[in-house]
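# Reading the structure
So you can see what is in the structure, the chains are spelled out below.
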Amino acid sequence: MIRPAHPADADWAQALVRRAYALYVPRMGQEPAPMLADYGALIEEGEVRVLEEDSKPVALIVLRPDGDALFVENIAVDPEAQRKGHGRMLLAFEEREARRLGLTAIRLYTNAAMIENLSYYPRLGFRETDRREEEGYKRVFFEKSLG
């Protein structure tokens, strides 16, 4: 089940993201941007969805409309629940949501040091559109057309 996050999920969301992204800190030499986000504020803005497995939250996605696209700010899966297809489920949800809103694309970025993602997203139909440094992070941008 994928549901909107509730204010009571904020601490869980922050802890989940810290666990999910911890392996990247040594590679990047800094905390990834999702570790620094204010999940209480993102939840209040209605941008966080939670994926539950057996009534237990195991993953989240942060997304928002951005022009003609739905922008994915973050996908995080609890390390103990990884490799079960939860990331794909969240991306499929996001694609349905984009279509429901009448949007024509999905956009996201990842860090260049997150090398697993650089081959993962193209396998799901995303194409790389840009690479640039923003806010001290080396980001790789992707887009998936829904047309």
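Residues numbered from 1 in each chain as written. Predicted model: local features only at pLDDT ≥ 70, side-chain atom pairs only at ≥ 80, totals over all residues. Heavy atoms only, no water.

## Examining the overall build of the protein
Put simply, the rule reads: Note on conventions: DSSP H or I runs of at least 4 residues are helices, E runs of at least 2 residues are strands, and numbering of each starts at the N terminus. Only C-alpha atoms enter the radius of gyration, while the globule expectation follows 2.2 Å times N to the 0.38, with N the number of residues. Partly exposed describes any residue whose relative accessible area lies between the buried limit of under 20% and the exposed limit of over 50%, with all areas from a 1.4 Å probe on protein chains only and scaled to the type maximum.
Within the protein, the secondary structure is distributed over six helices and seven strands. Ordered by position in the sequence, the α and β elements of the protein form the string β-α-α-α-α-β-β-β-α-β-α-β-β. In terms of overall size, the protein behaves like a compact globule, its C-alpha atoms giving a radius of gyration of 14 Å where 147 residues would be expected to give roughly 15 Å. Overall size of the protein, expressed as C-alpha extent along the three principal axes, is 40 × 35 × 30 Å. Within the protein, the fraction of its 147 residues that count as buried is 49%.

## Observations regarding the layout of surface pockets
The line we're drawing: Using a 1 Å grid laid over the protein atoms alone, points where a 1.4 Å probe fits but cannot get out form a cavity; open sets with protein on both sides within 12 Å along at least 5 of 7 lines form a pocket; any residue with an atom within 4 Å of a point counts as lining. Grid points are joined across faces, edges and corners, and a volume is the space filled by probe spheres set on the points. Gly counts as polar in this scheme, as do all residues outside two lists: the nonpolar Ala, Val, Leu, Ile, Met, Phe, Trp, Tyr, Cys and Pro, and the charged Asp, Glu, Lys and Arg.
Empty space within the largest pocket amounts to approximately 880 Å³. Per-element tally for the lining of the largest pocket: the top contributor is strand β4 (residues 69-77), with six residues. Per-class residue counts for the lining of the largest pocket are 19 nonpolar, eight polar and seven charged.

## Quick look at the nonpolar core
Rules: The definition of a nonpolar core used throughout is a set of buried Ala, Val, Leu, Ile, Met, Phe, Trp, Tyr and Cys residues joined through side-chain atoms within 4.5 Å. In what follows, a contact means two residues having at least one pair of non-hydrogen atoms within 4.5 Å.
Membership of the largest hydrophobic core comes to 24 residues, with the highest contact counts inside it found for Ile75, Leu91, Leu108, Tyr121 and Phe126. Looking at this core, the elements that each hand over two or more residues are β3 (56-66), β4, α5 (86-100), β5 (105-111), α6 (115-123) and β7 (137-145). Those residues within four positions of Leu91 in sequence are excluded, and the remaining contacts are Ile75, Leu108, Tyr120, Tyr121, Leu124 and Phe126. Membership of the second largest hydrophobic core comes to 22 residues, among which are Leu16, Tyr21, Leu60 and Tyr137.

## With respect to the confidence of the model for the protein
Filter applied, for reference: Known as pLDDT, the predictor's confidence for each residue is given on a scale from 0 to 100.
Chain-level pLDDT for the protein is 94 on average; 100% of the residues reach the 70-or-more range. When pLDDT is averaged over each helix and strand of the protein, the minimum, 92, is found for α5 and the maximum, 98, for helix α4 (residues 39-44).

## A few points about unusual backbone geometry
Unlike most non-glycine residues, Ser55 shows phi in positive territory, near 65 degrees. Along the chain, Ser55 turns up in the loop between β2 (48-53) and β3. Look at Ser55 and you get exposed, because its relative accessible area is 68%.

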